[in-house]
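Geometric and topological summary
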Amino acid sequence: MASLFDEYRDSYGQAVEGSIRFSGLGHDFFLKAKADLLRRLVIDRGLDEGGSGVRALDIGCGVGSLHRHLEGAFASLDGCDVSKESILRARRSNPGVDYSVCTSAALPYDEGTFDLVFASCVLHHVSPNAWHDFAREIRRVLRPGGVACIIEHNPWNPLTRLAVLRCPFDKDAVLLRAAMTEALFRETGFGEIQSEHFLLLPRSGRLARKLERSLAALPLGAQYACSARA
Ligand SMILES: C[S@@+](CC[C@H](N)C(=O)[O-])C[C@H]1O[C@@H](n2cnc3c(N)ncnc32)[C@H](O)[C@@H]1O
């Protein structure tokens, strides 16, 4: 079945750039902040205590824009998406990543395959009545003790609302607050659930990141990351 994102296989980056142009920041600024957060999550959650490296999965990876910022972060990185055309494009851009096309209901991986599973700006494209199945699938493919991380738009942030309004593929987006993502994890059997808001300041220096982290509990940043242990 064709996916909405098939038609953005060559223009995904441009569409995002167009929706955030008013901020004066480029798409890479946002991607780098997410990649840095995921690298930090590996350390904070002790995911590589054995030292053999982290096996990571990016669900809804699209054309793989985030992956060039994650080089060297994991022992292995898989990406999957319901959009076949996006996956073809991602494969060409990132030969070091293993990509698969998935259906919305089931992920093409065995139980307990990954240490870290993340989904960035995907859940708001999934129908709310499928959110629990989506989270259950994440839990199934995580090893016990593995960590899930859902990165989403923060609906309390007015600039995020404006970007969503301007984004051509966000017309049907259903935004969810961090508390809703936390509840989703709780209801599907995850533990150690925590959220942090980020992308508050238009800077990526050490001081800016430190300040952002000290305010992460408040729903101020453009996006949030909700992570939880399987
Ligand atoms: C806004 S894009 C985000 C792409 C990428 N994660 C990023 O942050 O740049 C949303 C992606 O989620 C994919 N998607 C939507 N529902 C999905 C599902 N149930 N399973 C896997 N991918 C899905 C879409 O095809 C699209 O590529």
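What counts, and where the lines are drawn
Residues numbered from 1 in each chain as written. Predicted model: local features only at pLDDT ≥ 70, side-chain atom pairs only at ≥ 80, totals over all residues. Near = placed C-beta within 6 Å. Nonpolar A, V, L, I, M, F, W, Y, C, P; charged D, E, K, R; others polar. Pairing = 2+ DSSP bridges. Helix = DSSP H or I, 4+ residues; strand = E, 2+ residues; numbered from the N terminus. Axes fitted to C-alpha atoms, helices over the stretch in contact; angles between N-to-C directions. Buried ≥ 20, exposed ≤ 12 C-beta atoms within 10 Å, placed from the backbone. Arc of directions from axis to C-beta. Contact = placed C-beta atoms within 7 Å. Core = buried A, V, L, I, M, F, W, Y, C linked by C-beta atoms within 7 Å.

Things to note about the site of the ligand
Near the ligand, the surroundings consist of 20 residues, among which F5, G60, G62, S104 and S120 are the closest. Here the shell around the ligand is built from residues that sort into ten nonpolar, nine polar and one charged.

Examining the sheet that holds strand β7 (residues 223-229)
Strand order in the open sheet formed by seven strands is β3-β2-β1-β4-β5-β7-β6, with mixed pairing between adjacent strands. Sheet topology places β3 (98-101) and β6 (191-198) at the edges, where each strand pairs with a single neighbour. Strand-to-strand twist of the sheet, defined as the mean angle between neighbouring strand axes without regard to direction, takes the value 15°. Relative to strand β5 (residues 142-153), strand β4 (residues 114-120) is paired through six bridges, and the arrangement is parallel. Counterpart to F118 in the pairing with β5 is C149.

Side note on helix α6 (residues 178-187)
Where α6 is concerned, the buried positions are A178, T181, L184 and F185. Axial view of α6: buried residues confined to an arc of 120°, hence all on one face. Turned more than 90 degrees off the buried face of α6, the exposed positions are A179 and E187. Turning to α6, the residues buried within the fold contact α4 (131-141), β5, β6 and β7. Taken from the residues just after α6, G189 is the one with a positive phi, measuring 90°.

With respect to the nonpolar core
Counting residues in hydrophobic clusters, the biggest one holds 59 residues, and the most contacted among them are L116, V117, I138, A148 and C149. Take this core: its biggest share by element is six residues, from β5. When neighbours within four sequence positions are excluded, C149 is seen to be in contact with L38, L41, L116, F118, A225 and S227.

Regarding the pairing of β7
Within β7, six of the seven residues are buried, which leaves the element mostly enclosed by the surrounding structure. Across seven bridges, the pairing between β5 and β7 is antiparallel. When the sheet's bridge partners are listed, E152 is paired in β7 with Y224. As paired elements, β6 and β7 share six bridges and run antiparallel to each other. Pairing of S195 across the sheet is with C226, part of β7.

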